[in-house]
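These are the residues of each chain, in order.
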Amino acid sequence: METHALPGARFVDPKVLARIKDLSLLARNVVDGFINGLHRAPYFGASVDFAEHRGYVPGDDIRRVDWKLFARTDRYFVKQYEADTNANLVILLDVSKSMGFASDEVSKLQYASFLAASLGYLSHRQRDRVGIITFDEDVVSRVPPSAKHFNVMLHTLDRSKAERPGRLIAMLDKMAEFFKRRSIVVLISDLYESPSDILEALKPYRSLNNDLVVFHVLDPAEISFPYTEASRFQDLESGEEVPVVPEVFAEQYRAMMKEHIAALAGKCAESRIDYLQLTTNQPLDEALFYYLGNRERLMRVR
Amino acid sequence: MSFLAPLFFAGLAAVAVPILVHLIQRERKTIIAFPSLMFIRRIPYQSVERRRIHNWFLLMMRVAAMALLVAAFARPFFAVDPVKAAAALGGAREVVILLDRSASMGYGDHWARAQAEAKKIADSIGGADRATLVLFGTGAEEAVRATSDGGRLGAAIADAKVSSDATRYAPALRLAQSILTRSPLPRKQAVLISDFQRSGWEKQEEISMPDGAELTPISVGTPETANLSVTSVKFQRTSFQGEERVVLTAGLTNRGATTIKAQDVKLEVDGRVVDTRQVSIDPNASGSVSFPQMTVAAPMRAVIRAGTDALPADNVFNFVLSPSRPVSVLVVQAEGAASSLYLTTALGIGTSPPFKSEVLTPSRVTPASFEKRSVVILNDATPLGTQAEEALNRFVTQGGGLFVVLGDRTPMSAAATLLPGKLGPAVERLRTGTGTLGFLDHSHPIFEGFKDPKSGNFSVIRFFKVRGLTPGPTDKVLARFDDGSAAMVERAVGSGRVIAFASTLDKSWNDFPIQHLFLPLVHQTVSYLGQYREPDAWYVVGRTLDVSVPIAAIVREGGAGDANTAARRPSGVVMTPSGSQVTIGEGGAQAVELAEQGFYSVRLQGLGDRKPFQVAVNLDPTESDLSSLPTAEFVATATGHAAVTASGQSLENPNLTPEDIEKKQAVWWYLFAAGAALLLAEAVVANRLSKRFGFGLS
């Protein structure tokens, strides 16, 4: 495996980022904070996190000149603040045991981690605050959004292991309480729950005017069901075993999975939630490019 | 048909395996981990139909293979009658039963067990078989020659008794080798029943059993043995006011693993307990116990007894307690001469043995003068009287010793047969310088002690005058002067010995008496002529007693040389400890094998009421060491062919043991091969069917 100086840096594959570096993750709604760059903001104000001084150049806001420093040095300096960020990006990453499934080299959890890191990096470059919450049957780790937390987020991703069964609906309910400010909330999960229950659980997020994005990560085997020999199938999370004769089951299964994905996509669209189903053999950069491009288009429409 | 291991038939349950495989082959136990069974659970489960067995051929192949393998492990064999079985195993047997009857077999129940084992083998002898019973200890003897009569063998085994012999395996094995080599029968077996004492086997004694012969050791030994034995007695003699006193010290050995504490040790003399002492000995250690000094006036039977244990024979030690007796010497010198000064002085100094000398002139020598003499020395003497000379002849013939010292005088007539060689004139050696001794026969007992270069230089003795002496053709020259003339000549006369010395034993003809070699040479010569021998206080079983020993003892005590020759004829009887008699001496055996532990009594004819000569006999000390040799090691070293080593199993009905028959028939091997072949064929058939139908084999 390729090594990187920074833990989790492998999740921000340069090949992936080369395709999306010109794109901006634009907040669909104005969030709290100051707007610099491309962001629109309902308020004028300044970040309170002082970063450094720089020399005054014509055109700079005279109110940002540090007069105390001028008094000591007889030269003009402008105060610069740490964050020009305006948006919170919070990723809700499902690390339940089912996410550990891999029919090929990359498990769903790995793929989800790549995706989360890519989004985090992109947001970090835009000086957005990034945070992450990993969960299975309980909250595993929580990194509050901050401009300084990108590396922490990468560490969290790196430590994530699919070890325990999950409770997606209960966790969505619980995690909704963490959001006091408007954020871009990204949910990455395999969504093995009823679509209506999932949408019901996502409602609180919507009521806070968060921008909600759902990535539905699946393994190709979960969709195509390539098994042929009669076997006992064991539920990764509950350990339950069921005898399965694929030649009898396969068609029904594929149809049910297709119906499930369609139901999720339809209900998300109805609730103005961005939904994208990804498979682990799908190139990540293509998926991001498609999604972010789609988001930019939607933003312009709005 | 029978089976050696019928329990293996429980393995027939394995036949169900292929049937079950056929029936439930579709329900494989492969488990596939899947993220969620959310959708699968919704699909109604359809149980898979148990398919019918439609490939009966394949199923039967599998079942048959399993059954054959199980049957092979059950070790089947076909029971046949004994005669056919014997034929199948190679025909009639030549069996040599080697039964150890050495003294160590008397330990505990070893002998009874050995007899029982031998009896078993004797009972197994069939009509076509032959068996020889060999009893062995130090030597080996055929107690029953080759016979098919098991009854005779059994009776001989029952009659056999433990002997006092030491254990020696080689003679018995060589006898077995000889018997088996001569035998025309196809199967040859030697069965050695023993306690396998390590001391009885010298590894270099390789035995060559004939090809195909099997040596089967049967050990009746006990791993843990405890044995106390009396191994020796030492005498410490002192003389006090003409009486000889002896302190006895008995040596004891504890060969057990436990300490022996306060064990009573008794000294018996002539059947009466005279003292009891106690001794404690550590495990595998030796100890000693001393008895207070006692006066010894005449030979006595003495026994040391130290308790009793599983091997009582070695708790007893027999010996004869005898006083040491001086060698009685009669010195005859010419009237008015003083030639015996140095000689008698030298004899007076002797202590081991002590010498008692008496000097007489020829005229005073009578036949009675030779009574109780061991040696007579004619020291430059004039001839004896006729009667005295005749008595001297008898004395020498019957074992006495005569030392003739030659000077100017002629001690006996030219026709005398006692003088070794022909006398010549005296020769002056001063004319040609002094003479010296130029040759000594160092192989002779007299000069043997002077063989070492540092033990004396005889060439320093200067001879001024010597007597011419020409030895006869049967005489032996023991020493020569430097000019080649004889200096000392020996002649054997009857049982006696005569030595002539061609010079004097005073300073008139030489300076020998003042040389340091004079004393030892005189002692050696007189001891040799008197046939002096330290009496053996005891012998070990297996030794041979030369009858000359008791005869010489009687001579020393004065029994020879009497005028009544008929009464003193050296012949008599030996009474063994078990009571049997052996005639010895003239007309009888010249030697007696001491085969029993105890006291042998030697009585010569004509001794009247005189106490008989006693010979004490004890066990070989090695018999007390009961440490045993592993039988496998024994057979390997004995034959050099470990491969023919038998396991020591009983040979009772050897032809009929199921193991032997099964081993010979080896039916299991064919079944195993058939099963393996079936499995191979099954694999080929199953593979082809699988390819043809593209699914399982049911």
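By convention here, each chain's residues receive numbers from 1 onward along its written sequence. Going through the entries in the order they are written, you letter the chains from A and number the ligands from 1. Given that this is a predicted model, residues contribute local features only at a pLDDT of at least 70 and side-chain atom pairs are listed and counted only at 80 or more, while totals for whole chains, interfaces and linings are drawn from all residues.

The subject of this paragraph is the overall build of chain A. When helices and strands are tallied, chain A shows nine helices and 10 strands. Counting other C-beta atoms within 10 Å of its own, a residue is labelled buried from 20 upward, exposed at 12 or fewer, and partly exposed in the gap between, with every C-beta atom placed from the backbone. Counting every position in chain A, which comprises 302 residues, the buried fraction comes to 38%. This entry defines residue contacts through backbone-placed C-beta atoms, with two residues in contact when those atoms are within 7 Å. Contacts in chain A between residues far apart in sequence, at least 24 positions, make up 75% of those at least 6 positions apart. Strands here are runs of E lasting at least two residues and helices are runs of H or I lasting at least four, both read from the DSSP assignment and numbered beginning at the N terminus.

Before going further, it helps to spend a moment on the overall build of chain B. The secondary structure content of chain B amounts to 14 helices and 32 strands. Taken over 698 residues, chain B has a buried fraction of 40%. Taking the contacts inside chain B whose residues are at least 6 apart along the sequence as the reference set, 74% of them involve residues at least 24 apart.

Quick look at the confidence of the model for chain A now. All names here are of chain A. Per-residue confidence from the predictor is reported as pLDDT, a score between 0 and 100. Scored by pLDDT, chain A has a mean of 76; 74% of the residues are at 70 or more. Confidence, read as mean pLDDT per element, is least for helix H1 (residues 14-20) in chain A (40) and greatest for helix H2 (residues 67-73) (92). Contacts for the low-pLDDT stretch residues 1-47, under 50 throughout, to residues beyond four places or in other chains number 93 contacts. Here residues 297-302 is modelled with pLDDT under 50, and outside its nearest four sequence neighbours on either side it reaches three contacts, counting other chains as well.

Moving on, we come to the pairing of strand S5 (residues 130-136) of chain B. All names here are of chain B. Among the seven residues of S5, seven are classified as buried, and the element is accordingly described as predominantly covered. Side chains Arg130, Thr132, Val134 and Phe136 of S5 all project onto a buried face; the interleaved residues Ala131, Leu133 and Leu135 project onto the opposite face, where all are buried too. Across seven bridges, the pairing between strand S4 (residues 93-100) and S5 is parallel. Residue pairing across strands places Leu99 opposite Leu135, the latter belonging to S5. Strand pairing requires that DSSP identify at least two bridges connecting the strands.

What follows covers the interface of chain B and chain A. Counting from both sides, the interface comprises 21 residues of chain B and, opposite them, 27 residues of chain A. Amino acids outside the nonpolar list (Ala, Val, Leu, Ile, Met, Phe, Trp, Tyr, Cys, Pro) and the charged list (Asp, Glu, Lys, Arg) are all regarded as polar, and Gly is one of them. In the side of chain B that touches chain A, the residues fall into 12 nonpolar, three polar and six charged. One ladder, built from four bridges, connects strand S8 (residues 231-235) of chain A with strand S2 (residues 31-34) of chain B; its direction is parallel. Across the sheet, Phe233 of chain A pairs through a bridge with Ile32 of chain B, a residue of S2 of chain B.

Residues and elements named next belong to chain B. Taking strand neighbours across the sheet as the criterion, the four strands line up as S12-S11-S14-S15 in an open arrangement whose pairing is antiparallel. In the strand order of this sheet, the two ends are held by strand S12 (272-281) and strand S15 (316-321), each with one partner. Put simply, the sheet's adjacent strands are angled 20° from each other on average, direction ignored. Where strand S11 (residues 260-269) meets S12, eight bridges bridge the pair, whose relative direction is antiparallel. Along S12, the bridge assignment pairs Glu268 with Val273. As a rule, the C-alpha atoms of each element are fitted with a line to give its axis, helices using only the stretch in contact, and angles between N-to-C directions run from 0 to 180 degrees.

Its 14 residues give helix H4 (residues 110-123) of chain B an end-to-end C-alpha distance of 20 Å, which sits within 8% of 20 Å, the value for a rise of 1.5 Å per residue. Elements that come into contact with the buried residues of H4 of chain B comprise S4, S5, helix H5 (150-159), strand S7 (187-194) and strand S8 (214-219) of chain B. Here the expected length of a helix is defined as 1.5 Å per residue gap, with one fewer gap than residues.

Working definition: the nonpolar core is a set of buried Ala, Val, Leu, Ile, Met, Phe, Trp, Tyr and Cys residues, joined through C-beta atoms within 7 Å. With 59 residues, the main nonpolar core has Val376, Ile377, Leu392 and Ala500 of chain B as its most contacted residues. If we skip the residues at most four places from it in the chain, Val376 of chain B touches Leu330, Val332, Phe370, Leu392, Phe395, Gly400 and Leu402 of chain B.

Residue and element names in this part refer to chain B. If you trace the five strands from one edge of the open sheet to the other, you get S6-S5-S4-S7-S8, paired in mixed fashion. The open sheet has two free edges, formed respectively by strand S6 (140-147) and S8, since each of these has just one partner strand. Sheet twist, expressed as the average angle between the axes of neighbouring strands with direction ignored, equals 15°. By the bridge criterion, six bridges tie S7 to S8 in an arrangement that is parallel. Directly across from Ile193, in S8, lies its bridge partner Ile218.

So, on to the packing of helix H6 (residues 195-207) of chain A against helix H8 (residues 246-270) of chain A. Residue and element names in this part refer to chain A. It is the contact of H6 with H8, at a shortest axis distance of 9 Å, that shows an interaxial angle of 30°. With respect to H8, the element H6 is oriented roughly parallel. Here H6 and H8 pass one another in a crossing that is right-handed. Taken together, the residues of H8 that come into contact with H6 (itself represented by Pro195, Ser196, Ile198 and Leu199) are His260, Ala263, Leu264 and Lys267. Among the residues making up the contact of H6 with H8, the classes are represented as five nonpolar, two polar and one charged. Working definition: roughly parallel below 35 degrees, roughly antiparallel above 145 degrees, roughly perpendicular at 65 to 115 degrees, and oblique for all remaining angles. Put simply, a crossing is left-handed when the front helix is turned counterclockwise from the back one by less than a right angle, and right-handed when it is turned clockwise.

Here we come to unusual backbone geometry. Residue and element names in this part refer to chain B. A positive phi angle is found at Asp270, which is not glycine, with a value near 50°. Here Asp270 lies in the loop between S11 and S12. Judged by the 11 C-beta atoms lying within 10 Å of it, Asp270 is exposed.

Let us look at the confidence of the model for chain B. All names here are of chain B. Confidence in the prediction for chain B averages 82 pLDDT; 86% of positions are at 70 or higher. Contacts for the low-pLDDT stretch residues 642-655, under 50 throughout, to residues beyond four places or in other chains number 31 contacts. The low-confidence segment residues 693-698, where pLDDT is below 50, has 13 contacts with residues more than four positions distant or belonging to other chains. This prediction of the complex comes with two scores: 0.47 for pTM and 0.73 for ipTM.

A few words now on the packing of H4 of chain B against H5 of chain B. All names here are of chain B. Put simply, H4 and H5 touch, their axes get as near as 9 Å, and they point 170° apart. Compared by their axis directions, H4 and H5 come out roughly antiparallel. On H5, the residues touching Gln115, Ala118, Lys119, Ala122 and Asp123 of H4 are Gly150, Leu153, Gly154, Ile157 and Ala158. Residue composition of the contact of H4 with H5, grouped by class: five nonpolar, three polar and two charged.

Residues and elements named next belong to chain B. Structurally, Arg301 is set in strand S14 (residues 300-306). Residue Arg301 is classed as partly exposed on the basis of its C-beta count, with 18 C-beta atoms lying within 10 Å. In this structure the C-alpha to C-alpha distance between Arg301 and Asn318, which are 17 residues apart in sequence, comes to 7.5 Å. The residues touching Arg301, leaving out its near neighbours within four places in the chain, are Asp270, Val320, Phe599 and Gln614.

It is worth spelling out the pairing of S8 of chain A at this point. All names here are of chain A. Only one face of S8 is covered, namely the face carrying Ser231, Phe233 and Asp235; the face carrying Arg232 and Gln234 is uncovered. As judged from the four bridges shared by S8 and strand S9 (residues 241-244), these two strands associate in the antiparallel manner. Opposite Phe233, over in S9, you have Val242 as the bridge partner. Here S8 hands over to S9 after five residues, with Gly239 in that stretch at a positive phi of 80°.

Here we take up the environment of Gln293 of chain B. Residues and elements named next belong to chain B. In this structure, Gln293 sits in strand S13 (residues 285-295). Gln293 gets classed as partly exposed once you count the C-beta atoms within 10 Å, which come to 15. Every residue in contact with Gln293, bar those within four places of it in the chain, is listed here: Arg245, Val246 and Val247.

This next bit is on the environment of Pro35 of chain B. Relative to the assigned elements, Pro35 of chain B resides in the loop between S2 and helix H2 (56-73). Once residues within four sequence positions are removed from consideration, Pro35 of chain B is found in contact with Ser98, Phe101, Asp190, Tyr192, Glu222 and Leu236 of chain A.

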